[in-house]
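Analysis of the macromolecular model
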Amino acid sequence: MANLKVNYLGTDFENPTVLASGVLGVTASTWKSVVKSGAGGITTKSVWLNEHKGHPNPTIITTEHWMMNAVGLPDAGVEKAKQEIEDYMKEKPAPLIVSIVGGKKDEFVEIAQQIAKTDADILEVNISCPNVEDEFGRPFACIPDQSKEITAAVKKIAGDKPVVIKLSPNVTDIKEIANACAEGGADGFCAINTLGPGLAINLETRMPILANKVGGISGPAIKPLAVKMVSDIYQATKLPIIGTGGITTGEDALEIMMAGATLVGMGSSVFYRGADVFRKVSQEMSDWCDKNGVANVEEIIGTVKL
Ligand SMILES: Cc1cc2nc3c(=O)[nH]c(=O)nc-3n(C[C@H](O)[C@H](O)[C@H](O)COP(=O)(O)O)c2cc1C
């Protein structure tokens, strides 16, 4: 049996699969049950400073090849998140990555300050949301200077917690953003967040299917984009990456690792293959490694011949 253990920014993971942010990731009990289903680690849903209302239903569309969501990042706020983290840490069956989000730089800093004091392993900074202070409300993740500023501000107060920046695919050059975050002190990246927004129309009513009209696209259809972006980020920065986007099978996971990922985030695949997708994907990775003479899965990271 191949060894699937990986070390990501100083933390050991039993296998490279981690729950992606926003999917099943709200309470300590769901995090624990996802670990029981084989996940090597957990990413929480993105935590806001205060309670944040999401969008009205319907918020999710699922099809054979893609999903589209406009959940609007609903959350109970950082105080509740801290309670759940404390509860999870009593058992801590696997490493915990806490995702944080804000509309302003100060909000990121305030949440990060509080999460830095918990026993969570890694801080993931979701910069894909619109900057409410920007003249055009553009997402932080689309502007190099703003991405760098948020990274530096969080890094300054994160203490010894590694800071991972979650990048958006909705940019013309992901390398430019990744390099800016690296200059700001990023320890690693998670890529990619949802693509879009996209629009799906109900033919009978001729209206958008989602109440929010548009949503972010995830699932198998975005995998080639995720693999390319992980490859670009890895080549540009050599920083360790949580490769995320459409990963559904062991072969998908190995592919994104060859592109440069150390960990593999999975969200939509829970819908496509059930809650035990983590165990299935790990088994498939292990089978492939055994057949191909790979003793330690870490050996394949970044080995794509470009
Ligand atoms: C329902 C849903 C909710 C999500 N919520 C978050 C979130 O809170 N924070 C975040 O950084 N990404 C969020 N995402 C994006 C995922 O973490 C992931 O980056 C994206 O879905 C691509 O991976 P996948 O194809 O494996 O789902 C969400 C995705 C979905 C489908």
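Description of the structure in this document. On a predicted model such as this, the values are computed, not experimentally measured, just so you know. (Residues numbered from 1 in each chain as written. Predicted model: local features only at pLDDT ≥ 70, side-chain atom pairs only at ≥ 80, totals over all residues.)

Turning our attention to the overall build of the protein chain. In terms of regular secondary structure, the protein chain is built from 9 helices and 16 strands. Over its C-alpha trace the protein chain gives a radius of gyration of 18 Å, about what one expects of a compact globule, namely 19 Å for 306 residues. Over its C-alpha atoms, taken along the principal directions, the protein chain stretches across nearly 55 × 55 × 40 Å. Considering the protein chain as a whole, with its 306 residues, one finds that 49% of them fall into the buried category. A fraction of 69% describes how many contacts in the protein chain between residues 6 or more apart in sequence connect residues 24 or more apart. (Helix = DSSP H or I, 4+ residues; strand = E, 2+ residues; numbered from the N terminus. Rg over C-alpha atoms; globule rule 2.2 N^0.38 Å. Buried ≥ 20, exposed ≤ 12 C-beta atoms within 10 Å, placed from the backbone. Contact = placed C-beta atoms within 7 Å.)

Another point: the nonpolar core. In this structure, I42, I100, L123, F189, A191, V230 and I256 are the most contacted members of the largest nonpolar core, which totals 90 residues. Leaving out residues up to four positions away in the same chain, I100 has contacts with S46, V47, F108, I111, A112, I115, L123, V125 and N126. (Core = buried A, V, L, I, M, F, W, Y, C linked by C-beta atoms within 7 Å.)

Our focus in this paragraph is the site of the ligand. The full set close to the ligand counts 26 residues, and A20, G22, S218, G267 and S268 are the nearest of them. Along the lines of polarity and charge, the residues of the shell around the ligand split into 8 nonpolar, 16 polar and 2 charged. (Near = placed C-beta within 6 Å. Nonpolar A, V, L, I, M, F, W, Y, C, P; charged D, E, K, R; others polar.)

End to end, helix α2 (residues 78–91) covers 21 Å across 14 residues, agreeing with the expected 20 Å (1.5 Å per residue, within 8%). Among the residues of α2, those classed as buried are V78, A81, E84, I85 and Y88. The arc enclosing the buried residues of α2, seen along the axis, measures out at 115°, which places them on a common side. Those residues of α2 that are exposed and angled more than 90 degrees off the buried face are E79 and K90. Against α1 (28–36), β7 (96–100) and α3 (105–116) lie the buried residues of α2. Within two residues after α2, K92 carries a phi angle of roughly 40°, on the positive side. (Expected span 1.5 Å × (residues − 1). Arc of directions from axis to C-beta.)

What follows is about the sheet that holds strand β5 (residues 60–62). Spatial strand order, β5-β6-β14-β11: 4 strands in an open sheet with antiparallel pairing. Since the sheet does not close on itself, it has two edges, and those belong to β5 and β11 (195–199), each with one partner. On average, each strand axis in the sheet is tilted by 30° relative to the strand beside it, whichever way the strands run. (Pairing = 2+ DSSP bridges. Axes fitted to C-alpha atoms, helices over the stretch in contact; angles between N-to-C directions.)

Look at helix α5 (residues 174–183) against helix α6 (residues 223–237): their axes get within 9 Å of each other, and the N-to-C directions meet at 45°. By the angle class used here, α5 and α6 are oblique. In the crossing of α5 with α6, the sense of the turn from one axis to the other is right-handed. For the pair α5 and α6, contact is made by I174, K175, A178, N179 and A182 and by M229, D232, I233, A236 and T237, respectively. A class-by-class count of the residues in the contact of α5 with α6 yields 6 nonpolar, 2 polar and 2 charged. (Parallel < 35°, antiparallel > 145°, perpendicular 65-115°, else oblique. Left-handed = near helix turned anticlockwise from the far one by under 90°.)

Within α1 the residues assigned to the buried category are A28, W31, V34 and V35. When α1 is viewed along its axis, its buried side chains cluster within an angular range of 125° and face the same direction. The elements touched by buried residues of α1 are β3 (17–19), β4 (41–43) and α2. Where α1 terminates, the next one or two residues include G38, which has phi positive at roughly 105°.

Note that all results are geometric; they support no functional claim without further evidence.
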